[in-house]
Amino acid sequence: MQRINTIEEYQKEYKHSVENPEAFWAEQAEQFTWQKKWDTVLEWNFDEPNIKWFVGGQLNITENCLDRHLKERGEQTAILWEPNDPNEPARKISYKELHTDVCRFANVLKNNGAKKGDRICIYMPMVPELAIAVLACARIGAIHSVVFGGFSFKSLSDRIHDATCNIVVTADGGFRGAKDIPLKSVVDEALETSPSVKKVIVLKRTNTNVTMKSGRDAWWHDEIALLGGRGEDCPAEIMDAEDPLFILYTSGSTGKPKGVVHTTAGYMVYVDYTFRNVFQYNNGEVFWCTADVGWITGHSYLVYGPLLAGATTVMFEGIPTYPDAGRFWSVIDKHKVNIFYTAPTAIRSLEAMGLDFVKPYKLDSLRVLGTVGEPINVEAWNWYHENIGKKNCPIVDTYWQTETGGIVISPLAGITKTKPGFATLPLPGIQPALMDESGKELIGNNVDGRLCFKFPWPGIIRTTYGNHKRCKETYFDIYKGYYFTGDGCRRDEDGYYRITGRVDDVIKVSGHLLGTAEIENAINQHPDIVESAVVGFPHDIKGWGIYTFVICDHERKDTDNLKKEIIDTVTKYMGPIAKPDKIQIVKGLPKTRSGKIMRRILRKIAENDLENLGDTSTLLDPSVVEEIKIGAIK
Ligand code: PRX
């Protein structure tokens, strides 16, 4: 399969993809294994929205990730797993072994009643069995819904409930640094309010004591043993191109997370194309994406993208600072990683630990570096470039979203001239548009606006699970005829794109997208809290931190205890990733006469920009602002 090799080829391919998108994507789709070729490449309108790629085609994505590679690279390592504890041996799973493991677990799922179209929730640590479970679902046509292991029982139960999952795949626990995360007990708590779940399959990882509910819970290894050495093959279910492949929840402006739905063929073609071109992947290279499979980056560029391309994909169970802040660099040397893809937050936190953690390592296997998930500041970009890439590795700052399925704006490694802080140019097939607030498209360069796309690409979101109206209203109604990302963006004098951040009520904390309403809902579970308001504030390491204003129903003199209780409440109901950094207890919140909180004012206070609060005359009680200003936490 060809890939773009020069900037001229990029320009030519881009032009072709815009002038004749159907022909362009059909060419990309040719190389895959299809049970039946498509009849029509694309049917679409952005009004409903109704987007269908490769209509009439039939396939199974796992045949393309696994079976297709067996002849040529059956013995090659598919998954290279690095455990949390560096003293535990790494695992190398070849394409052949992965094929067998996926088939076996697919048969386990079937024995537990799973069938095509079922929703299966996967709540697991970063072990190979997580990827195996994902692929096993795809093998039998069940829709996987992976929930990040850092989410708490309430977030898990909301997600299980929304998708009416009938099976949960989990583990007794997971290792993360010095901690042992009790996953199964979180599942048990979540299932108290999730009647749809009939079976729970539990992998043994930490040997933590767990309760197994008879008739509902079964051990992974017992279920494999029940196959009695059989089950090494499992015919791939034949899927229509537009059959859902997975649901992945992402935060939105309301308290309820959205189940983003991706379908089979378009997602496959898009992640494969972007993986090979953005990273300029060469056969035989070792690719390491540090994201958890619980996020879209893990779906697209740890599991599906690399496996579709026949790469060796590294999966790391631990955290960047365990046993010390040199762990990433030691793993790169140990496994001779060629392409390394991580988040700006991780880079900033490791930069802050100092170069002594980098110096012991050669890092000479590296060829390409990538970042994803949030804007990367120039200082972190330079640090990454000089100290990790040794000025030899192009950096791809890849912009995309859960909803886009794969990377949409990014340099092609070594081909596109980079500019620190810029995601640079749209990939072939991607047609960006910047809009002003009145909904007019801004033409030309040197403009700032809201980032939209005006034509579908194969990886675009199809719907939000169980609520198509929400998909339409969130992404397609705001600017008629366009998909709206929710991001602000600048197009500079060279036509390069720089993402300036979210323009809605979600914040990017350490690269994780969190809804302010969702955090407020969690805080409000505390019995003493009457009301709360959450906004973001710039944070040196995390990008954005969480600033919360809370109103208590009676005076609590032990404010330190109260703050700790609030943090514990958020951890309990949402998970540790949503812990507030600053909590200010207030008597009132700035509200308009219609009762709406004026977040603009709270954002300014959180940013410590007290002099520029703007017009406060429409507030019901402007005096609350003075009180909040006095108590503001620096
Ligand atoms: O605000 C943008 C930011 O992350 C958002 C999408 O978050 P999520 O769906 O969790 O997916 C993250 C991984 C793809 C975007 O709306 N974002 C993502 N990549 C970048 C970015 N902001 C700036 N630069 C990026 N490279």
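Quantities reported herein were computed from a predicted structural model and do not represent experimental measurements. (Residues numbered from 1 in each chain as written. Predicted model: local features only at pLDDT ≥ 70, side-chain atom pairs only at ≥ 80, totals over all residues. Heavy atoms only, no water.)

Some points on the packing of helix α1 (residues 7-19) against helix α2 (residues 21-29)
A pair of packed helices is captured by two measures, namely the crossing angle of their axes and the spacing between those axes.
Thinking step 1. With their axes 5 Å apart at the nearest point, α1 and α2 run at an angle of 120 degrees to one another. Note on element contacts: α2 touches α1 through Pro21, Ala23, Phe24, Glu27 and Gln28, opposite Glu13, His16, Ser17, Val18 and Glu19. (Axes fitted to C-alpha atoms, helices over the stretch in contact; angles between N-to-C directions. Helix = DSSP H or I, 4+ residues; strand = E, 2+ residues; numbered from the N terminus. Contact = heavy atoms within 4.5 Å.)

Considerations on the sheet that holds strand β12 (residues 217-219)
Thinking step 1. Read from one edge to the other, the open sheet built from eight strands follows the order β12-β11-β8-β6-β7-β14-β15-β24, with strand pairing classed as mixed. Looking at which strands have only one partner, the edges of the open sheet turn out to be β12 and β24 (463-464).
Thinking step 2. In terms of strand pairing, strand β6 (residues 119-123) meets strand β8 (residues 167-171) through four bridges, oriented parallel. For Cys121, the partnering residue across the bridge sits in β8 and is Val168.
Thinking step 3. Set on the sheet, helix α7 (residues 153-162) makes contact with β6, β8 and β14 (244-250); between it and β6 the angle comes to about 165 degrees. (Pairing = 2+ DSSP bridges.)

Some details on the pattern of salt bridges
Thinking step 1. Enumeration according to the criterion identifies 46 salt bridges in this entry.
Thinking step 2. The residue Arg216 makes a salt bridge to Asp217 at a minimum N-O spacing of 2.6 Å. Assigned by exposure class, Arg216 and Asp217 land together as buried.
Thinking step 3. The shortest N-O distance in the salt bridge between Asp494 and Lys419 comes to 2.7 Å. Note that Asp494 is positioned in the loop between β25 (483-491) and β26 (497-502) and Lys419 in the loop between β20 (395-398) and β21 (432-435), a separation of 75 residues in sequence.
Thinking step 4. Relative accessible area serves as the criterion here: at 22%, Lys419 is assigned to the partly exposed category. (Salt bridge = Lys/Arg side-chain N within 4 Å of Asp/Glu carboxyl O. Buried < 20%, exposed > 50% of the residue type's maximum accessible area, 1.4 Å probe, protein only.)

Considering the environment of Gly174
Thinking step 1. Within the fold, Gly174 resides in strand β9 (residues 174-176).
Thinking step 2. Here the alpha-carbon distance between Gly174 and Met126, two residues 48 residues apart in the chain, equals 7.7 Å.
Thinking step 3. Non-local contacts of Gly174, meaning those with residues more than four positions away in its chain, are made with Pro125, Lys179, Asp180, Ile181, Leu183 and Thr206.

Quick notes on the domain arrangement of the chain
Thinking step 1. Once the domains are mapped, the chain shows domain 1 (7-488) and domain 2 (510-631).
Thinking step 2. The straight-line distance from the C-alpha centre of domain 1 to that of domain 2 is 32 Å.
Thinking step 3. Across the contact, 23 residues belong to domain 1 and 20 residues belong to domain 2.
Thinking step 4. Taken together, domain 1 and domain 2 are joined by one salt bridge. (Domains from an automatic or database assignment.)

Let's talk about the nonpolar core
Among soluble globular proteins, nonpolar side chains are generally buried collectively.
Thinking step 1. Judged by nonpolar contacts, the single largest core of 166 residues is most densely connected at Phe54, Leu109, Phe279 and Tyr304.
Thinking step 2. Of the residues forming this core, the biggest block, ten residues, is contributed by helix α6 (residues 128-140).
Thinking step 3. No fewer than three residues from each of domain 1 (7-488) and domain 2 (510-631) sit in this core.
Thinking step 4. Among all residues touching Phe279, those that are not within four sequence positions of it are Thr274, Phe287, Tyr301, Ile339, Tyr341, Arg367, Val368, Val396, Ile407 and Ala413.
Thinking step 5. The next biggest cluster of nonpolar side chains, apart from the first, holds 27 residues, and it includes Leu80, Ile332, Phe340 and Leu363. (Core = buried A, V, L, I, M, F, W, Y, C linked by side-chain atoms within 4.5 Å.)

Observations concerning the environment of Pro89
Thinking step 1. With respect to the helices and strands, the residue Pro89 is situated in the loop between β4 (77-82) and β5 (91-94).
Thinking step 2. For Pro89, a relative accessible area of 61% translates into the label exposed.
Thinking step 3. Separated by ten residues in the primary sequence, Pro89 and Ile79 place their C-alpha atoms 14 Å from one another.
Thinking step 4. Excluding residues that lie within four positions of it along the chain, Pro89 makes contacts with Trp81 and Pro83.

Concerning the confidence of the model for the chain
Thinking step 1. This prediction gives the chain a mean pLDDT of 96; 100% of its residues lie at or above 70.
Thinking step 2. Here helix α19 (residues 623-631) is the element of the chain with the lowest mean pLDDT, 93, and α6 is the one with the highest, 99. (pLDDT = per-residue confidence, 0-100.)

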